[in-house]
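Spelled out, the chains give:
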Amino acid sequence: MVRNVAGVMAELEPEDFYLLSGVEQGMRFSEWVNRGKLPELSNLSPEEVDYRLDRCATRELIERKTIQYEGYTLTAEGYDALALRTFSERDTIEGVGAPLGVGKESDVLEVQSYRPLALKFHREGYTNFREVMRERDYTSDNQHVSWLYTARKAAEREYDALESLYPDVSVPRPIDHNRHAIVMAKLDGVELHRAKLPEDQVVGVLDLILREITAAYDAGYVHADMSEYNVAISESGVTVFDWPQAVPTDHENARELVDRDVANLLSYFERKYPGAVPDLDADSIGDSIAANDFETVRAHLA
């Protein structure tokens, strides 16, 4: 688990952020930034760079490695610190609270603002860079592609999807975005995989989820990673979250992906609630979703 960097934010000085920003700029071209380039990149004197490197390394915001040269790279915490500073300067958030969820590709924390919100740090590529590059279609104009780039592109893609879908689709309300981080409304309810639905509510909940998938398709997006782990249910309904793999409906694989999303959901409901859901065909439901024909989708559940 990546630690919450909010605790060290008050200790950091403007020059520390200049140094971190300089390392960030250098990582556009190389995973390890040559120490000799940091004065120019950070607009600090060589003596100031030396001092700030020690401060940031002590706080685990950067890492050092000797290769053909002495190189430095941002840690996830260092990148978090840069995003947090931007959110603070924009008055988006006032403080960071307890973790809400930790996954392989993201960390989610509660944040304080005018209301409780959620802050999501994308981690794509930080520990599994090669795997992510195989699975995602993120590309760069530069030959060098770092984990900062893949995490930032994932956050951009998710934020764009949320902005396009909200409020017509039940997704978290997007608030702000910077680098690899998104601030959004805090989810109500519990994740579907943690819930134990009464048998007489199973079909109704599946109906609600399929309704949101249909509405998202009509709004131009396929989730492309649907499962019981990215649907929250509450008394007010369902919310579909985690959209970094979303693709537009004009994507060449959109129909295949919506069929896969439906198949994943049906497989989950059939495993957890055997006999509660009628025998359904994911491809047929996918056809109805693509036609924005929710009445036919509902007929499948009857």
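Along every chain, residues carry numbers that run from 1 in the direction the sequence is written. With the structure being a predicted model, the display of local features is reserved for residues of pLDDT at least 70 and the display and counting of side-chain atom pairs for 80 or more, all residues being used for whole-chain, interface and lining totals. With hydrogens and water set aside, each side-chain value is computed from the structure's full complement of heavy atoms.

Draft legend 1. Summary view of the domain arrangement of the protein. According to the domain assignment, the protein contains domain 1 (5-185) and domain 2 (190-299). Where each domain starts and ends comes from a domain assignment, either automatic or drawn from a database. For domain 1 and domain 2, the distance between their C-alpha centres works out to 32 Å. Whether two residues are in contact is decided by their heavy atoms, any of which lying within 4.5 Å being enough. Residue-level contacts link 19 residues of domain 1 with 15 residues of domain 2. For the pairing of domain 1 and domain 2, the buried interface totals around 1300 Å² over both sides, and the portion due to carbon and sulfur atoms is 59%. Salt bridges are identified by distance alone: a Lys or Arg side-chain nitrogen within 4 Å of an Asp or Glu carboxyl oxygen. In this structure, the connection of domain 1 to domain 2 is made through 1 salt bridge. Across the pair Lys120 and Asp242 runs a salt bridge, and its minimum N-O distance is 2.6 Å. Residues adjacent in sequence count toward polar contacts only when both atoms are side-chain atoms; beyond that, a polar contact is any pair of N or O atoms within 3.5 Å, and within protein one must be able to donate a hydrogen and the other to accept it. At the boundary of domain 1 with domain 2, the tally comes to 5 residue pairs in polar contact (both at pLDDT 80 or more). At the level of secondary structure, the elements contributing two or more residues to the side of domain 1 that touches domain 2 comprise strand E6 (117-122) and helix H7 (147-165). Per the convention used, a helix needs a DSSP run of H or I reaching at least four residues, while a strand needs a run of E reaching at least two, with both numbered from the N terminus. Counting residues per element, the side of domain 1 that touches domain 2 draws most heavily on H7, which supplies 8 residues. Amino acids outside the nonpolar list (Ala, Val, Leu, Ile, Met, Phe, Trp, Tyr, Cys, Pro) and the charged list (Asp, Glu, Lys, Arg) are all regarded as polar, and Gly is one of them. Split by residue class, the side of domain 1 that touches domain 2 holds 8 nonpolar, 3 polar and 8 charged. Joining two parts hides part of their accessible area as seen by a 1.4 Å probe, and the buried area is that hidden amount summed over both.

Draft legend 2. Geometry of the packing of aromatic side chains. The aromatic pairing rule takes the rings of Phe, Tyr and Trp, using the six-membered ring of Trp, and pairs them if the centres are within 6.5 Å, calling planes under 30 degrees apart stacked, those over 60 edge-to-face and the rest tilted. Tallied over the entire structure, the rule returns 4 aromatic pairs. Here the aromatic cluster, defined as three or more aromatic residues joined through ring pairs, consists of Tyr79, Tyr126 and Trp147.

Draft legend 3. Up close: the sheet that holds strand E9 (residues 190-191). Pairing between two strands requires that DSSP report at least two bridges joining them. Here we have 3 strands laid out as an open sheet, ordered E9-E11-E12, and antiparallel in their pairing. Unpaired on one side and paired on the other, E9 and strand E12 (237-240) mark the two borders of the sheet. Relative to E12, strand E11 (residues 231-234) runs antiparallel, the two being bridged by 4 bridges. Within the sheet, the bridge partner assigned to Ala232 lies in E12 and is Thr239. In this fold helix H8 (residues 202-218) packs onto E11 and E12, with an angle of close to 45 degrees to the strand it touches most, E12. All axes here are fitted lines through C-alpha atoms, helices being fitted over the stretch that makes contact, and every angle between N-to-C directions spans 0 to 180 degrees.

Draft legend 4. Geometry of the pairing of strand E2 (residues 62-66). The sheet contact formed by E2 and strand E3 (residues 70-74) spans 5 bridges and is antiparallel. Looking at E3, one finds that Lys65 is bridged to Gly71.

Draft legend 5. The nonpolar core, seen in detail. The set of buried Ala, Val, Leu, Ile, Met, Phe, Trp, Tyr and Cys residues whose side-chain atoms join them within 4.5 Å is what this entry labels a nonpolar core. Throughout this description, buried means an accessible area under 20% of the type-specific maximum (1.4 Å probe, protein chains only), exposed means over 50%, and partly exposed covers the range between. Core analysis: the largest hydrophobic core is formed by 45 residues, its most contacted members being Leu192, Ile209, Leu210, Trp243 and Phe269. Of all the secondary-structure elements, those providing two or more residues to this core are H7, H8, strand E10 (221-222), E11, E12, helix H9 (254-272), helix H10 (282-290) and helix H11 (294-301). Counting contributing residues per domain, this core is built from domain 1 (5-185) and domain 2 (190-299), each supplying no fewer than three. Apart from the residues lying within four places of it in its own chain, the contact partners of Leu192 are Leu197, Val205, Ile209, Glu228, Val231, Ile233, Tyr268, Phe269 and Lys272.

Draft legend 6. Fine view of the environment of Glu228. With respect to the helices, strands and loops of the structure, Glu228 is situated in the loop between E10 and E11. The buried category is assigned to Glu228, whose relative accessible area is 9%. Each C-alpha atom, one on Glu228 and one on Asp200, is 19 Å from the other, the two residues being 28 residues apart in sequence. When residues no more than four places from it in sequence are discounted, the contact partners of Glu228 are Glu191, Leu192, His193, Tyr268 and Arg271.

Draft legend 7. Local environment of the sheet that holds strand E8 (residues 181-185). Ordered in space as E4-E5-E6-E8-E7, the 5 strands form an open sheet in which the pairing is antiparallel. In this open sheet, the two edge strands, each paired with only one partner strand, are strand E4 (95-102) and strand E7 (174-178). Mean inter-strand twist for the sheet, computed between neighbouring axes without regard to direction, equals 25 degrees. Two elements, E7 and E8, share 4 bridges in a ladder whose sense is antiparallel. Pairing of Asn178 across the sheet is with Ala181, part of E8.

Draft legend 8. Just the environment of Phe294, in detail. Within the secondary structure layout, Phe294 lies in helix H11. Once the C-alpha coordinates of Phe294 and Leu165 are considered, the two residues, 129 residues apart in sequence, prove to be 17 Å apart.

Draft legend 9. Region of the structure containing the pattern of salt bridges. Inspection of every chain in the model, using the stated rule, returns 24 salt bridges. The salt bridge involving Arg179 is made with Glu24; its shortest N-O contact spans 2.8 Å. Residue Arg179 is located in the loop between E7 and E8, and its partner Glu24 is located in helix H2 (residues 14-26); the two are separated by 155 residues in the primary sequence. Given the relative accessible area of 17%, Arg179 is considered buried. Between Arg123 and Asp80 there is a salt bridge whose closest N-O contact spans 2.8 Å. You can see Arg123 sitting in the loop between E6 and helix H6 (129-135) and its partner Asp80 sitting in helix H5 (residues 76-89), a full 43 residues away along the chain. Pair check on accessibility: Arg123 and Asp80 agree, each one buried. Taken together, the shared-partner salt bridges in this structure form one network comprising Glu13, Glu15, Asp16, Glu48, Arg52 and Arg55.

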